[in-house]
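# Remarks on the overall topology
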Amino acid sequence: MQSEYKREEDLMAVQHVFIIGAKGLGNYGGYETFLDKLTEYHQDNRNIRYHIACKENGQGAMDETKLNGAETKNAHRFVYHNADCFKIHVPEQIGAAQAIYYDIAALKWCISYIQRHNTEHPIVYILACRIGPFVGRYVNQIHKLGGRVFVNPDGHEWMRAKWSKPVRKYWKESEKGMVKHADLLVCDSVNIEKYIQEEYGQFHPKTTFIAYGADIRPSVLTDDDPKFNGWLQEKALKAGEYYLVVGRFVPENNFETMIREFMKSHSRKDFAIITTENEAFLAELDEKLGWKKDPRIKFVGTVYDQELLKKIRENAYGYFHGHSVGGTNPSLLEALGSTKLNLLLNVGFNEEVGEDAALYWNKDEGNLAELIDRADAMGEEEIEEFGRKAKQRIKDAYSWQFIADRYAEIFGVEK
């Protein structure tokens, strides 16, 4: 097995980076998108070797057959963008504890690999703060093996609506433990970095800021491409006549507010919702809102073809972003890079990214509905100006090449 995953590692100093905490690569979660792009931009860099944990089973499980260019090695291992991706099986009967089990099992896998392969100066990069009460002993083991532990503190997991009070209390304590033991905290938002420094000053945390990235390259698909037009026809949509949202179907992304307010608006356009499956939440929303009675509200499934997804974004009249928890979100960056008119929930993370290149709404009743009606009435010149500003914002601060180069810096490898 060892030789199978080696490149010319005996001939050069390769930095091994083990990344745990995401469910996989290329899904709709922020971390999954980030890993897809990080490995893509570093796939030809022979000075770095990624090992990435993926969830083998259950909700959000990794299916590499949906990744263009992934090479399956066996049932538990595949190679994608030259990254060694390994799958961790998670007992589904343990409920909310799955996330904790998954991270610890992945961390153990990394330590075992480092020991078996005598890996020198490894870096273990943990995404999110789920295992704070347990991480100290593993950090000590990694230090003894000559490694370092980096942590991405994500954006306030303890605030997410899906968790009960006891679970939120655990996440807050866990965050504290992760900050305490990390050698470096990589914050994807200036707001998050400021929060870490202020909240946990007693630990003198070493932090750095690296955002997520996006690009402004247009889709390779043309306006008359059969793939794009076939998708529009199948979903009963027309180019330029739909609002769009792309993201995980969870409460803190404020689907309820967006759907309720769209239903209240006078818009004659459709609202296309590209999201992961969550039948229970879907049923709950229908019970509350009766959205099935409004033909404009269209749940259109998932889209894993990145060029098609980009084309769908480009042809949206406007994009809604309702994320209320987290740092810099990739779906927001992709929207700014592709969609001219973006309507964002007015929280600090979103305003930090969008600045004056977007419109903002709050969760007050009628606020977003009024903004939708205002957006519908905008002239072409005003919309074009928002689009120009949005693309410039991405170009100035969030290009993937810049982000990948920053990670190469902190990992200590040549670009």
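Numbering of residues begins from 1 in every chain and follows the order in which that chain's sequence is written. A pLDDT threshold of at least 70 governs which residues receive local features in this predicted model, and a stricter bar of 80 or more applies before side-chain atom pairs are shown or counted, although totals over entire chains, interfaces and linings include all residues. Side-chain calculation: all heavy atoms of the structure are included, whereas hydrogens and water are not.

## Concerning the overall build of the protein chain
- Here a helix means four or more residues in a row that DSSP labels H or I, a strand means two or more in a row labelled E, and each is numbered from the N terminus. Regarding its fold elements, the protein chain presents 14 helices and 15 strands.
- We take the radius of gyration over the C-alpha atoms and set the globule estimate at 2.2 Å times the residue count to the 0.38 power. The globule rule puts the C-alpha radius of gyration for 415 residues at 22 Å, and the 22 Å found for the protein chain is close to it.
- Each principal axis of the C-alpha distribution contributes one length, and for the protein chain these read about 65 × 45 × 40 Å.
- Classification of residues uses two cut-offs on accessible area relative to the type maximum, computed with a 1.4 Å probe and protein chains only: under 20% is buried, over 50% is exposed, and between them is partly exposed. Counting across all 415 residues of the protein chain, residues that qualify as buried make up 57%.
- Residues are treated as being in contact if the distance between any of their heavy atoms lies within 4.5 Å. In the protein chain, of all internal contacts separated by at least 6 residues, the share reaching a separation of at least 24 is 73%.
- Taken as a whole, the protein chain presents about 18,100 Å² of accessible surface, with 48% of it coming from carbon and sulfur.
- Asp and Glu are treated as the negative residues and Lys and Arg as the positive ones, with His and the ends of the chain left uncounted. Taken as the charge location is NZ of Lys, CZ of Arg, CG of Asp or CD of Glu. One finds the centroid of the 54 positive side-chain charges in the protein chain at a distance of 4 Å from the centroid of its 63 negative side-chain charges. Each accessible area value is a Shrake-Rupley result obtained with a 1.4 Å probe; residue values ignore everything except the protein chains displayed when judging cover.

## A look at helix α2 (residues 98–116)
- Under the 1.5 Å per step criterion, the end-to-end length of α2 is 27 Å for 19 residues, consistent within 8% with the ideal 27 Å.
- Taken from the residues just after α2, Asn118 is the one with a positive phi, measuring 50°. Helices are assigned an expected span. That span is 1.5 Å times one less than the residue count.

## A closer look at the sheet that holds strand β12 (residues 297–299)
- At least two bridges found by DSSP between two strands are what make those strands a pair. The strand order β12-β11-β10-β13-β14-β15 describes an open sheet built from six strands, whose pairing is parallel. Looking at the sheet topology across the chains shown, the edges are occupied by β12 and β15 (359–361). In this sheet, adjacent strand axes meet at a mean angle of 25° when their direction is disregarded.
- The axes used here are C-alpha line fits, helices contributing only the stretch in contact, and every angle between their N-to-C directions lies in the interval 0 to 180 degrees. Its contacts with the sheet place helix α7 (residues 255–264) against β10 (242–247), β11 (270–275), β12, β13 (318–321) and β15, and it is angled at close to 165° to β11.
- Of the strands in this sheet, β10, β13 and β14 (342–345) are in contact with helix α10 (residues 330–338), which crosses β13 at around 165°.

## So, the packing of aromatic side chains
- A pair of aromatic rings is counted whenever rings of Phe, Tyr or Trp (Trp by its six-membered ring) have centres within 6.5 Å, and the orientation is called stacked for planes under 30 degrees apart, edge-to-face for over 60 and tilted otherwise. Applying the stated rule across the entire model yields 23 aromatic pairs.
- Ring geometry for Phe262 and Phe271: centres 5.3 Å apart, planes at 35°, overall tilted. Take Phe262 and Phe271: they sit in the same class, and that class is buried.
- For the pair Phe262 and Phe320, a centre-to-centre distance of 6.2 Å together with 75° between the ring planes defines the contact as edge-to-face. In this pair, Phe262 is assigned in helix α7 and Phe320 in strand β13, connecting sequence segments 58 residues apart.
- Through a chain of ring-to-ring contacts, three or more aromatic side chains come together here, namely Phe34, Tyr50, Tyr125, Phe150, Tyr212, Tyr407 and Phe411.
- The rule is short: NZ of Lys or CZ of Arg within 6 Å of the ring centre and within 35 degrees of the ring normal puts a charge over the ring. The cationic tip of Lys269 hangs over the ring face of Tyr317; the distance from NZ or CZ to the ring centre is 4.3 Å.

## Points about the pattern of salt bridges
- Criterion for a salt bridge: a side-chain nitrogen of Lys or Arg within 4 Å of a carboxyl oxygen of Asp or Glu. In the structure shown here, the tally under the stated rule is 26 salt bridges.
- Arg130 is the salt-bridge partner of Asp103, the closest N and O atoms lying 3.0 Å from each other. Here Arg130 lies in the loop between β6 (123–127) and α3 (132–144) and Asp103 lies in helix α2, a separation of 27 residues in the sequence. In this structure, Asp103 and Arg130 share a single accessibility class: buried.

## Re helix α9 (residues 306–314)
- Across the nine residues of α9, seven count as buried, placing the element largely inside the fold.
- Along α9, the residues that are buried comprise Glu307, Leu308, Leu309, Lys310, Lys311, Ile312 and Arg313.
- Capping the start of α9, Asp305 holds a side-chain oxygen 3.1 Å from the backbone nitrogen of Glu307, two or three residues further along. Polar contact is defined as a pair of N or O atoms within 3.5 Å, subject to the rule that within protein one atom must be able to donate a hydrogen and the other to accept it, and that residues adjacent in sequence are counted only when both atoms are side-chain atoms.

## Looking at the confidence of the model for the protein chain
- Per-residue confidence from the predictor is reported as pLDDT, a score between 0 and 100. Averaged over all residues, the pLDDT of the protein chain equals 91, while 94% of them reach at least 70.
- Scored below 50 in pLDDT, residues 1–11 shows 19 contacts in the model against residues more than four places distant or in partner chains.

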